[in-house]
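Chain and residue survey
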Amino acid sequence: MQEITLEVILRLVFGIRDDRRLDRLRVLLPKLIEIGGSATLMMLPPRVREATRRLPFTQYGRFLRLRTAVDEILFDEIGRRRAEPGGTDVLGRLLETELGDQEVRDELITLLIAGHETTATGLAWAFERLLRTPDVLDRLPHDEEYLDAVVKEALRVRPVVFEAPRLVDAPLRLGDYEVPAGWYAAPLIALIHQDPSIWPSPEEFRPERFLDGADAHGKAWMPFGGGRRFCVGAQLALLEMRVILREVLGRLELSAPDPAPEARRLKLVTLAPAKLTRVSARARTPARTP
Ligand code: HEM
């Protein structure tokens, strides 16, 4: 799933077409993301980090080398695209703004970090829940409306991001509590999605909840956060998840030998499957299309 969602970012967001660049980035970016997101690197005091800057075998040294290699490709691509404006990808749109090269590169990296692993994790959970709920799996690919409900229900029962914190800049009254300025307040997405007064039998994976009166749940469905900082990639993520589920399930018949649900593991800000799920896949003949 990570390979597929990386491909989507490379093409739709970065707008890269050149095969050699694509090949390089397919190798470099996962490494850069892994090392850049490593807790040990982030926890290192800046002075210690700087001291290891020139040592190629330290984690920070490796990170810097990878970053330079990625930047070379991205800045080159930005220069090339400035020379031939246009294109429907996100890079083309960013280049229509006043942003300088460095800022455009930063936006691309932000979109990559925010949009690649989150969507892959959402998909992994969608497949996991489907495999453990064979009645629902049997109904797929089915029609677009049901597929949309499956995606929404997967993101409800297994939200990828577990909270959406806000730094409070003025005292905030929350029920009986007063949150002082300077504190963080965060709706816990995973808890809201388990509230039985809104979601009857909240543990059940039941896409039908979203079929009638899909918007009845209002703000209680919030896998993409809310308010002004609502996820900018939400529509892309929902579309990607539908397309990928449809394509995979149209070609493959999937089953899981072990019916036990997969445990969750906290991975920086996301809740990911704790382990790998064993899946049996058999080609459908002929391929089934909705
Ligand atoms: C299933 C996939 C995804 C999930 C669960 C997810 C979830 C979230 C959440 C919870 C937030 C914080 C919202 C808030 O604080 O209210 C967020 C913000 C953001 N997301 Fe996503 N996201 C996903 C996919 C994507 C994709 C595909 C992209 C871009 C290609 C993306 C780009 C961003 C960006 C740039 C922000 C920051 C927005 C801001 O602060 O204004 N996300 N996302």
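A few points on the structure. (Residues numbered from 1 in each chain as written. Predicted model: local features only at pLDDT ≥ 70, side-chain atom pairs only at ≥ 80, totals over all residues. Heavy atoms only, no water.)

**With respect to the coordination of the iron atom of the ligand**
- Looking at the iron atom of the ligand, one finds just one donor atom contributed by the protein, Cys 231 (SG), at 2.3 Å.
- Mapped onto the elements of the fold, Cys 231 is located in the loop between α11 (189-192) and α12 (234-251). (Donors = N, O, S within 2.8 Å, 3.2 Å for Na, K, Ca; no water. Helix = DSSP H or I, 4+ residues; strand = E, 2+ residues; numbered from the N terminus.)

**Regarding the nonpolar core**
- In this structure, Leu 130, Val 150, Leu 155, Leu 245 and Leu 249 are the most contacted members of the largest nonpolar core, which totals 33 residues.
- The set of elements that each furnish at least two residues to this core consists of α8 (117-131), α9 (134-138), α10 (144-157) and α12.
- Ignoring sequence-local partners within four residues, the contact set of Leu 155 consists of Gly 122, Val 160, His 193, Trp 221, Pro 223, Phe 224, Leu 238 and Met 241. (Core = buried A, V, L, I, M, F, W, Y, C linked by side-chain atoms within 4.5 Å. Buried < 20%, exposed > 50% of the residue type's maximum accessible area, 1.4 Å probe, protein only. Contact = heavy atoms within 4.5 Å.)

**Quick notes on the site of the ligand**
- Neighbouring the ligand are 19 residues, the closest being Gly 115, Arg 166, Gly 226, Arg 229 and Cys 231.
- Contact distances for the ligand include 3.0 Å between an oxygen atom and a side-chain N or O atom of Arg 229.
- Those elements that place two or more of their residues in the shell around the ligand are α7 (101-115), α8 and α12.
- Looking at the shell around the ligand element by element, the count peaks at three residues for α7.
- Class assignment of the residues belonging to the shell around the ligand gives a composition of eleven nonpolar, six polar and two charged.
- Taken domain by domain, the makeup of the shell around the ligand includes at least three residues from each of domain 1 (2-115) and domain 2 (117-283). (Near = heavy atom within 4 Å. Polar contact = N/O pair within 3.5 Å; in protein donor to acceptor, adjacent residues only side chain to side chain. Nonpolar A, V, L, I, M, F, W, Y, C, P; charged D, E, K, R; others polar. Domains from an automatic or database assignment.)

**Some remarks on the packing of aromatic side chains**
- Enumeration over the complete set of coordinates arrives at five aromatic pairs.
- Where Trp 199 meets Phe 210, the ring centres are 5.8 Å apart and the plane angle is 35 degrees; that geometry is what we call tilted. Here the residue Trp 199 occupies a position in the loop between α11 and α12, and Phe 210 occupies one in the loop between α11 and α12, the gap between them amounting to eleven residues. The two residues Trp 199 and Phe 210 agree in class, both being buried.
- Between Phe 224 and Phe 230 the ring centres are 6.3 Å apart and the planes differ by 65 degrees, which places this aromatic pair in the edge-to-face class.
- Phe 224 gets classed as buried once you look at its relative accessible area, which sits at 13%.
- Aromatic ring contacts, followed pair by pair, group Trp 199, Phe 210, Trp 221, Phe 224 and Phe 230 into a single cluster.
- Between the NZ or CZ atom of Arg 139 and the centre of the ring of Tyr 146, over which it lies, the distance is 4.1 Å.
- Lying across the ring of Trp 125, Arg 158 places its NZ or CZ 5.4 Å from the centre. (Phe/Tyr/Trp six-rings, centres within 6.5 Å; stacked < 30°, edge-to-face > 60°. Lys NZ or Arg CZ within 6 Å of the ring centre and 35° of its normal.)

**Focus: the packing of helix α5 (residues 59-83) against α7**
- Running from N to C, α5 and α7 cross one another at 115 degrees; their axes reach a closest spacing of 10 Å. Considering the relative orientation of α5 and α7, their crossing is right-handed. From α5, Arg 67, Asp 71, Leu 74, Phe 75, Ile 78 and Arg 82 reach across to α7, where they touch Asp 101, Gln 102, Val 104, Arg 105 and Ile 109.
- Here the residues of the contact of α5 with α7 sort into five nonpolar, one polar and five charged. (Axes fitted to C-alpha atoms, helices over the stretch in contact; angles between N-to-C directions. Left-handed = near helix turned anticlockwise from the far one by under 90°.)

**Focus on the side chain of Asp 71**
- Here Asp 71 is to be found in helix α5.
- Accessibility expressed as a relative area gives 14% for Asp 71, which makes it buried.
- Among all residues touching Asp 71, those that are not within four sequence positions of it are Asp 76 and Arg 105.

**Looking at the environment of Leu 108**
- With respect to the secondary-structure elements, Leu 108 resides in helix α7.
- Overall, the relative accessible area of 1% leaves Leu 108 in the buried class.
- Separated by 60 residues in the primary sequence, Leu 108 and Val 168 have C-alpha atoms spaced 28 Å apart.
- In contact with Leu 108, other than residues within four places in its own chain, are Val 13, Phe 14, Leu 91 and Leu 94.

**Quick notes on helix α2 (residues 19-36)**
- Over its 18 residues, α2 extends 25 Å from the first C-alpha to the last, a length consistent with the 26 Å expected when each residue adds 1.5 Å.
- In α2, a bend of some 25 degrees at Leu 25 exceeds every other bend along the element.
- The set of residues buried in α2 consists of Arg 21, Leu 22, Leu 25, Leu 28, Leu 29, Leu 32, Ile 33 and Ile 35.
- On its buried face, α2 is in contact with α1 (2-13), α3 (39-43), α5, α7 and α8.
- Two to three positions downstream of the cap, the backbone nitrogen of Arg 20 sits 3.2 Å from a side-chain oxygen, assigning the N-cap of α2 to Asp 18. (Expected span 1.5 Å × (residues − 1). Bend = angle between axes of the 7 residues up to and from the residue.)

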